[in-house]
Amino acid sequence: MIDFPTWAVAGFWGLVSGSALLLGAAIGYFAHVPQRLIAAIMAFGSGVLISTLSFDLMEEAYRQGGFDATAVGFVGGAAVYTFANWLLARQGAKNRKRSGKHQARERQAVQQGQTEASDPGSDNGMALAIGALLDGIPESIVIGLSMLAGGAVSMVAVVAIFLSNLPEGLSSAAGMRKAGRTPAYVLGLWAGIALVSGVASLVGYTVFSGFSSEVVAATTAVAAGAVLAMIADTMIPEAFEVAHNFTGLITVLGFLVSFVLSKLGG
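The written sequence of each chain sets the order in which its residues are numbered from 1. Per-residue local features are limited, in this predicted model, to residues with pLDDT of at least 70; the limit for side-chain atom pairs, both in listing and counting, is 80 or more; totals at the level of whole chains, interfaces and linings are taken over all residues. Each side-chain value is derived from all of the structure's non-hydrogen atoms; neither hydrogens nor water enter the calculation.

1. Here we look at the packing of helix α1 (residues 6–30) against helix α5 (residues 155–178)
Next, step 1: Under this scheme, a helix contributes an axis fitted over its contacting stretch, all axes are lines through C-alpha atoms, and angles between N-to-C directions fall in the 0 to 180 degree range. Note on conventions: DSSP H or I runs of at least 4 residues are helices, E runs of at least 2 residues are strands, and numbering of each starts at the N terminus. Contact pair α1 / α5: the axes reach a minimum separation of 6 Å and the direction vectors enclose 30°. Looking at the two axes, α1 sits roughly parallel to α5. Regarding α1 and α5, the two cross each other, and that crossing is right-handed.
Next, step 2: For this classification, the nonpolar set comprises Ala, Val, Leu, Ile, Met, Phe, Trp, Tyr, Cys and Pro, the charged set comprises Asp, Glu, Lys and Arg, and every other residue, Gly included, is treated as polar. Here the residues of the contact of α1 with α5 sort into 16 nonpolar, seven polar and two charged. If an angle is under 35 degrees, it is roughly parallel; if it is over 145, roughly antiparallel; if it lies from 65 to 115, roughly perpendicular; otherwise it is oblique. Each crossing gets its hand from how the near helix is turned against the far one by less than a right angle, where anticlockwise is left-handed and clockwise is right-handed.

Next comes the structure, spelled out in structure tokens:
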């Protein structure tokens, strides 16, 4: 059997988890999935991620670096994500994960706000792309970091991130279709993010393999904080707006599935 370098394995599993974004985007764009079902899947994915960062990421960060490194990294990751998300929202990417007509209204508002000196064909497309990148990188880095301890990937993290990426791509692509985005734009965007996910996972392993456990712990906590902020800012609002009273129950089911996977994997 071929023995692949560990860094290549890290990149591969990052690409696998990121491919769920492209798969979800293709389904969301071409299958015309009911918005209520999209919201339910989004709530489920939120629960999966919350469980993963609670029982896998934060626990591992605390084990390696103690409370101080974990706390600083966790709050720092959330703060950086929130600030970046705020900047992107001002550029027209606030609703990048919404499956309804939010993106259409946002795109129209940005286009109407263009000055005569601006490129009349420009809109919030670049902001959407950067936003998708911002959402995907922390999750992918986690996969590479998970391999630092023993050289083996955390399959729980891979499965959990895959399960959460699927509704993210699905919901966002459905909203992009309603905003008039072309298939080439949507699929090209998410294919690019999937590739970046593989690179981010590879970087997570290669760059931090020489750092102290405190630095690795803080970085893991940074990723966890950014993921939790992303869930609260972009995923749960989409789920609640449509699913309403069922959002909590579906989120709990997603949490339970990830929790069971973590115990089986342990």
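2. A closer look at the environment of Asn 85
Next, step 1: Inspection of the secondary structure puts Asn 85 in helix α2 (residues 35–90).
Next, step 2: Exposure categories follow from relative accessible area, calculated using a 1.4 Å probe and restricted to protein chains: below 20% of the type maximum is buried, above 50% is exposed, and the middle band is partly exposed. For Asn 85, a relative accessible area of 11% gives the class buried.
Next, step 3: We call two residues in contact whenever any of their non-hydrogen atoms come within 4.5 Å of each other. Residue contacts for Asn 85: discarding those within four places in its chain leaves Arg 96, Leu 134, Asp 233 and Thr 234.

3. Focus: α1
Next, step 1: What a helix should span is 1.5 Å times the count of its residues minus one. Along its 25 residues, α1 runs 37 Å from first to last C-alpha, staying within 8% of the 36 Å computed at 1.5 Å per residue.
Next, step 2: The positive-phi residue at the C-terminal boundary of α1 is His 32, with phi of around 55°.

4. Thoughts on the nonpolar core
Next, step 1: Residues Leu 49, Leu 53, Ile 231 and Met 235 are the most contacted members of the largest nonpolar core, which totals 19 residues.
Next, step 2: Mapped by element, the contributors of at least two residues to this core are α2 and α7 (213–243).
Next, step 3: Once you skip the residues sitting within four places of it in the chain, Ile 231 turns out to touch Ser 46, Leu 49, Ile 50, Leu 53, Ile 236 and Pro 237.
Next, step 4: Counting ten residues, the second largest nonpolar core, distinct from the first, contains Ala 25, Ala 173, Leu 189 and Ile 193. In plain words, nonpolar cores are sets of buried Ala, Val, Leu, Ile, Met, Phe, Trp, Tyr and Cys residues tied together by side-chain atoms within 4.5 Å.

5. Here's the deal with the pattern of salt bridges
Next, step 1: Salt bridges are counted wherever a side-chain nitrogen of Lys or Arg sits within 4 Å of a carboxyl oxygen of Asp or Glu. Using the criterion set out here, one finds one salt bridge in the structure.
Next, step 2: The shortest N-O distance in the salt bridge between Arg 63 and Glu 60 comes to 2.5 Å. Separated by three residues within a single helix, Arg 63 and Glu 60 lie in helix α2, roughly one turn from each other.
Next, step 3: Judged by relative accessible area, Arg 63 falls into the exposed class, the value being 56%.

6. A few points about the packing of aromatic side chains
Next, step 1: Pairs were defined over the aromatic rings of Phe, Tyr and Trp, the Trp ring being its six-membered one, requiring ring centres within 6.5 Å. Orientation was assigned from the angle between planes: stacked under 30 degrees, edge-to-face over 60, tilted for the rest. For the structure on display, the rule yields six aromatic pairs.
Next, step 2: Between Phe 12 and Trp 13, the ring centres sit 5.0 Å apart and the planes meet at 70°, which makes this aromatic pair edge-to-face.
Next, step 3: Here Phe 12 falls in the partly exposed class, since its relative accessible area comes to 46%.
Next, step 4: With a centroid separation of 5.6 Å and an interplanar angle of 45°, the aromatic rings of Phe 208 and Phe 211 are classed as tilted.
Next, step 5: In this structure Phe 208 comes out as buried when scored by relative accessible area, which is 17%.
Next, step 6: Through a chain of ring-to-ring contacts, three or more aromatic side chains come together here, namely Phe 55, Phe 255 and Phe 259.
Next, step 7: Either the NZ atom of lysine or the CZ atom of arginine qualifies as a charge over a ring when it sits within 6 Å of the ring centre and within 35 degrees of the ring normal. Here Arg 181 stacks its cationic end above the ring of Tyr 185, 4.9 Å away from the centre of that ring.

7. A word on the UniProt feature "transmembrane region" (unreviewed entry) in the protein
Next, step 1: UniProt positions are given in the numbering used here, feature names are shortened, and annotations may be inferred rather than shown by experiment. Under the UniProt annotation, the feature "transmembrane region" (unreviewed entry) is placed at residues 6–30, 37–55, 67–88, 141–164, 184–208, 215–236 and 242–261.
Next, step 2: As annotated, residues 6–30 has a helix share of 100% and a strand share of 0%, and its two end C-alpha atoms lie 37 Å apart.
Next, step 3: Along residues 242–261 one finds 85% helix and 0% strand; the C-alpha atoms at either end are 28 Å apart.

8. Comments concerning the environment of Phe 67
Next, step 1: If you trace the backbone, Phe 67 turns up in helix α2.
Next, step 2: In the structure, Phe 67 is positioned 150 residues away from Ala 217 in sequence and 9.6 Å away in space, judged by C-alpha atoms.

9. Concerning the packing of α5 against helix α6 (residues 183–206)
Next, step 1: Two elements in contact, α5 and α6, have axes separated by 10 Å at closest approach and are oriented at 155°. The orientation of α5 with respect to α6, classified from their angle, is roughly antiparallel. Taken as a pair, α5 and α6 cross one another with a handedness that is right-handed. Side by side, α5 and α6 meet where Gly 169, Ser 172, Ala 173 and Met 176 of the first sit next to Tyr 185, Val 186, Leu 189 and Trp 190 of the second.

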